[in-house]
Every structure is written in structure tokens, then in C-alpha cells.
Amino acid sequence: MSTDIAQALKDLANAKALAASATRRLAQGGLTAGQAAYFALLTEDLAQELSRTQVHAAAALRTTGAHKLDQESFQAITDLGPDPTIEEIEAVKGRTITGRTHFKDAKGLMTGWLDIPRSTATARLVQADCLLGGVDEAGEPTEPWLPELAAQFGDPSIDPRLVASAAMKLHSVRKDLGEGKAAEVKKQQLQSESAAFLRSEPKSARKHINDLVAQVKAGKRPLKALLDGIGIFKRGMRKGLVEYLFRVLPSHSAYIEAYFANLDNPSTVAGNRQGLKDVDAQFTGEETSGWDDEGSKPDWAKDRPGDEDVEDIEDDPPDEEHIHPENEDLHSEEDGLPTEDASTEAKPASGEWEDLKPERRRLVGFMALLMSERKPNGSPPDQQAGLAGAQVSVILDWDKLQQQAEDFAVTSSGILLSPGEARTALCTAGILPVVLNGKSLPLDLGRTQRLFSKAQVRALRAAYRGCSYPGCSMPAQRCEADHLDPWEKGGRTDINSAVLNCLIHHTARHCGLFHAVKIPGSRPMVLLPPELDPEQKLRINTYFMTPAEALEAEALAEETTMRWRAGLLDVEIAEP
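Residues numbered from 1 in each chain as written. Predicted model: local features only at pLDDT ≥ 70, side-chain atom pairs only at ≥ 80, totals over all residues. Heavy atoms only, no water.

## Examining the packing of helix α8 (residues 160-171) against helix α10 (residues 202-219)
Axes are the key here: two packed helices are described by the angle between their axes and the distance separating the axes.
Here is step 1: The geometry of α8 relative to α10 is characterised by a closest axis approach of 10 Å and an angle of 5° between their N-to-C directions. Classed by the angle they form, the pair α8 and α10 counts as roughly parallel. Contact residues: Leu162, Ser165, Ala166, Lys169 and Leu170 in α8; Pro202, Arg206, Ile209, Asn210 and Val213 in α10. (Axes fitted to C-alpha atoms, helices over the stretch in contact; angles between N-to-C directions. Helix = DSSP H or I, 4+ residues; strand = E, 2+ residues; numbered from the N terminus. Parallel < 35°, antiparallel > 145°, perpendicular 65-115°, else oblique. Contact = heavy atoms within 4.5 Å.)

Structural data, given as C-alpha cells:
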């Protein structure tokens, strides 16, 4: 063993001791807010580097045949302890044997000696194959399966965890790619597109790479196979709840997403939060909005000291704090379902408006739909909480249709439709023009009115599909039309100077926390502050786009940024 390798292993042992010592000290408290933020930043940087180190360690175990070490070697390694000397590390060369050993292969060594879960060990070895290279049956080293991602894996400016996750996703479709030259071309295309997402917009990269993989798998399956797999499947009882599994076609999903989007809007009858709670009470037995005693009244309706002789005074409405409940991460230990501590009850997210979590709220709407009764004449029931209308917008791209591109028909929520599903929608749906509606209402209102019209909002939703802030997953139905030219300073109510922003990012823009940028002949873009984006690039939120659309948008943003910096493009940064 060379001295530099022994020194590197000594440095790694010291790093572990230093991290443990620092954590013990910092855990005692006393940090300022700035120091806590720096603590978190260093920790995440360390976690990123450690994830890269773990894959390299797995590759080293396999290429050196460490699973063949004899008993004396494993004992010597264990005896090194946490603080060995350079000489002690150099002395532990290890001896491999050809006879019976404790472990069959590198995976067995990782699970049996290092106590790494088998699935994790498998993933690290796959990542090593894809990003570092492996060994063939003769023990000779092989090149990485994904050389372009391999280069990114070693780039300190890119999160190696995202690269490793992308490698696993692409590796999962290796059998779907087939064999031969065509398969290699397809693999290279997937790799290049994935690398572009990781390089340009890491926040949305995971979603777009998942979509790329889903397209490959879906494209290999005939319609009959898809139809055989759809349905509602009962999975049985788990933790006191009955579980069902839904498998639907993309066209089904478009209606479901549209239904949920309307149901999530608290300003509609269908999405009224108190009404939804009343519907939910039919199943849970909880109190509804009707009360007849002091104990069942909500807090705002209870008598307060000094109110006995006060009449005709209207209580001020409670402050409303908008959050993004749809963005909450739900982790599952077993099958992707949310888990929670059974000993604690979920608290309201932000008062009366968000008392029901999105998942429960949508279930209430679904149950209300099942329970609804049609009128004697066959007409739909009157509007009530939970009964939302599902209006699906399908954007058809004429140029892509002529080119027979896969993504020529996309719903406003970013769901890709097959040609057959698009033809069905054209035959059965009411088609709404995007530029002009059925009554040819103009989309530019100038100074004639301050608020955007329904036709304008419909056009903005179809064009932008969601919040403008990069990485935000708030859909268009939950966003507000935002003037880029302040109305109070003479701004016009025109769609070429408007964007969609969720309530949080709408407020953040007006507080100057980021800037919207008007681009001649293009959609508005976003400029983040230097502390969030040191590169100061113009950005587009691609979350609701298909992978192909996202790549086009990212290329447009890159080109626009270059022209702007070169002084070839006169852009306008909108006032807060």
C-alpha cells in the first residue's frame, strides 16, 4: 500500500472524528441564526460528498475482491480502531484466498459485514457500474455505462445524489431499450437529456427524468396491455385503513387532476373548506358547522368576556396564511404510502381553510361524487361542497403534430396524451379556443379594467400551467394572474405583461425577493437573487412541462441569458 493511499484513509478517519466532535458541540445549542444556517449548509455539503464516497467505496470493494479476505485480515481491519497511525494502515494489506470465505460477493460483504440494507447495497453497485465502471467476468475493468453522467458525478458543482438517482432510473429501462445500434442511440439520447436537466434545473430534474423513463416504458407497451392493467384494486386492511390502488390511463388522469384542481380551490362552492368538513363529518362523526350549544361552537363564535352587552359588532375575520400543502413530502417505509406517528394527531395546517390535508380533502370530494344524487329529470345535482367540475384543457401544438412528435397533445397539468386519447378528447369534449373564447372576447384590456378577465386567465393557465417561480409545483388553478407593469403606475391588463404566481411567490415578488423579467417576443422569465443563484441566469419553471418542452425551455433560457449578457437583447426587469 502506498503512503499517499494510507494518508488518504487516515484523513478519512480524522474526518469522521472531527464531524462527530463538531456535532456534539453544536448539538449543545448557543448558535446564532446565521451560524445555524451555515451549520446546515456544511452538513448538506458533507452529505453530498459522502454519497459520492459511498459509491466509490462500493466500487473498490468489488474491483479488489475484498469479499475474499480471510478471517485474519478482517480481524486486523477491525483492530485498527477509529484513530490508526499511517504505519498501521500500511500494514493492513489484507490477504485474499480462493477457498471458502464468509461472503459470496461484494454485495454479501456490504450486507453481512457493514450491515448495509441489501437494496442499498444493490443500488450502490449499480451506480458504480453506471458512473465509475465495473469489472467483467474475467475481472477486467469496464467503462461506465453512462459516461456523460459519470462526468457529472465527479463535478463538485452538481449534487452527486441527483446524478446517482438519475443513473438508477436510466438503468431501470435497460431491458426496454432493446439491443443493437438503435438501443445505443436511445440510451445516449436519454443520458444527454438527463444530463441537461441536472445541469440546468436540478429542482425539476428528478420529475423530468422520471417522465422520460415513464415514456420509454409506456411506449413499449401495446394498448391492450395498458387496458389490462388499469382498474381499482383492493389491497386489504393496513393500520386500520382499507387500501385501494388506482391504475389509470393518462386520459383518465387528466380528468382526475382537473377535478382535484377545482376541488382544491377554496373560493369555489365545491372547494369550500367548511362545506368539505361537513361532508367529511358524515363518515367520521365529527362536528359540522351546525351547532346548538356552547361546547360545539368554533372559537370565533364563542362568547367572550365583555361581549354580553355588545350587539351588532362583526368579528374581524381570522388572518389567513397560505401554504403549499401539495408540496409536503410524504415518505413511506414500505410502499410509497404516507406514514405518520400513530401517537399524535395531525394538526390543522393553517386554520379553518386548510383544516383538511389535501389527500383527505380529495377523498372527501371523491366520496361526495359517489354519494351525489341526480335530480328526477336526470340533470346533475345542485352545486355542493366536494362536487367539482372537471374542465380539462388540452394544448395541441400544430408544428409538433406535423412532425408527428410524441408530445403534440399535452394537458394543462403536463400530462402527455397519446394520439388516440387526443382524438377521443376532440370527439367528446367541448373545445375552448385559447386565444379567443367562444364569444371572441379580446385578451388585451389595456386600461379599461384592472382585474384580468376569465378569458385572459384561461389563456395564461394554458400557456404557463403553474407558478412562474423555478421549481414551484403549485398548479395554475391555485395561482393568481400577476401584473408585471404595476397598475397604479399606468400598467395595462394585457397577457403579454402578466404571469401566474402562487400566493407565496406573488407576495415574494412584490417584496423584491426575486424579479420577473420581460423578454421581447418570449414568455417572461425569472431572475433569482445572487444568494440563491450565483450564476444569475434567467430561468423558467419547467415543472409542469413534458421533458421535451422542458429541454426547449431550458435551451431558450440559456440562449436568452447569453444574449442578454452580451448586450444583444434589451430585457426589462419588472418592478416589484
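## Let's talk about the sheet that holds strand β9 (residues 538-539)
Here is step 1: Spatial ordering of the open sheet is given by β9-β8-β7-β10, a layout of four strands whose pairing is antiparallel. For this open sheet the edge positions go to β9 and β10 (572-573), each flanked by a neighbour on one side alone.
Here is step 2: Bridge analysis of strand β7 (residues 515-518) against β10 gives two bridges, and the strand direction is antiparallel. Considered in β10, the bridge of Val517 is made with Ile573. (Pairing = 2+ DSSP bridges.)

## Brief notes about the environment of Ile495
Here is step 1: By secondary structure assignment, the location of Ile495 is in the loop between β5 (480-483) and β6 (498-501).
Here is step 2: Sequence spacing of Ile495 and Ala459 is 36 residues, and the spatial spacing of their C-alpha atoms is 8.1 Å.

## Looking at the packing of aromatic side chains
Here is step 1: A full pass over the atoms with the stated rule returns five aromatic pairs.
Here is step 2: When the ring of Phe74 is compared with that of Trp113, the centres are 5.0 Å apart and the planes differ by 65°; the resulting orientation is edge-to-face. With Phe74 in helix α3 (residues 71-79) and Trp113 in the loop between α5 (106-112) and α6 (118-131), this residue pair connects regions lying 39 residues apart in the sequence.
Here is step 3: Overall, the relative accessible area of 34% leaves Trp113 in the partly exposed class.
Here is step 4: Taken together, a centroid distance of 6.1 Å and an interplanar angle of 80° make the contact between Phe246 and Phe366 edge-to-face. Here the residue Phe246 occupies a position in strand β2 (residues 241-247), and Phe366 occupies one in helix α14 (residues 358-371), the gap between them amounting to 120 residues.
Here is step 5: Given the relative accessible area of 43%, Phe246 is considered partly exposed. (Phe/Tyr/Trp six-rings, centres within 6.5 Å; stacked < 30°, edge-to-face > 60°. Buried < 20%, exposed > 50% of the residue type's maximum accessible area, 1.4 Å probe, protein only.)

## Brief notes about the state of the cysteines
Here is the idea: a disulfide is a covalent bond, and it sits between the sulfur atoms of two cysteines.
Here is step 1: Across all of its chains, the model carries zero disulfides by this definition.
Here is step 2: Cys467 forms no disulfide, and the closest cysteine sulfur to it belongs to Cys472, at a distance of 3.8 Å.
Here is step 3: Note on Cys467: relative accessible area 2%, which makes it buried.
Here is step 4: Cys467 supplies the cysteine sulfur nearest to Cys502, a cysteine that is in no disulfide, at a spacing of 3.8 Å. (Disulfide = S-S within 2.5 Å.)

## Re the nonpolar core
Here is step 1: By size, the foremost hydrophobic cluster in this structure holds 40 residues, and its most contacted members are Leu131, Leu149, Val163, Leu190, Leu198 and Ile519.
Here is step 2: Listed by contribution, the elements that provide at least two residues to this core are α2 (33-64), α6, α7 (147-153), α8, α9 (181-200), α10, β8 (525-527) and α19 (547-565).
Here is step 3: Sorting elements by how many residues they give to this core places α8 first, with six residues.
Here is step 4: Counting 17 residues, the second largest nonpolar core, distinct from the first, contains Val457, Tyr464, Met474 and Ala508. (Core = buried A, V, L, I, M, F, W, Y, C linked by side-chain atoms within 4.5 Å.)

## Observations regarding unusual backbone geometry
Here is step 1: In this structure, Asp115 is a non-glycine residue whose phi angle is positive, near 60°.
Here is step 2: Take Asp115: its relative accessible area is 62%, and that puts it in the exposed class.
Here is step 3: Phi at Gln536 takes a positive value of approximately 55°, unusual for a residue other than glycine.
Here is step 4: If you trace the backbone, Gln536 turns up in the loop between β8 and β9.

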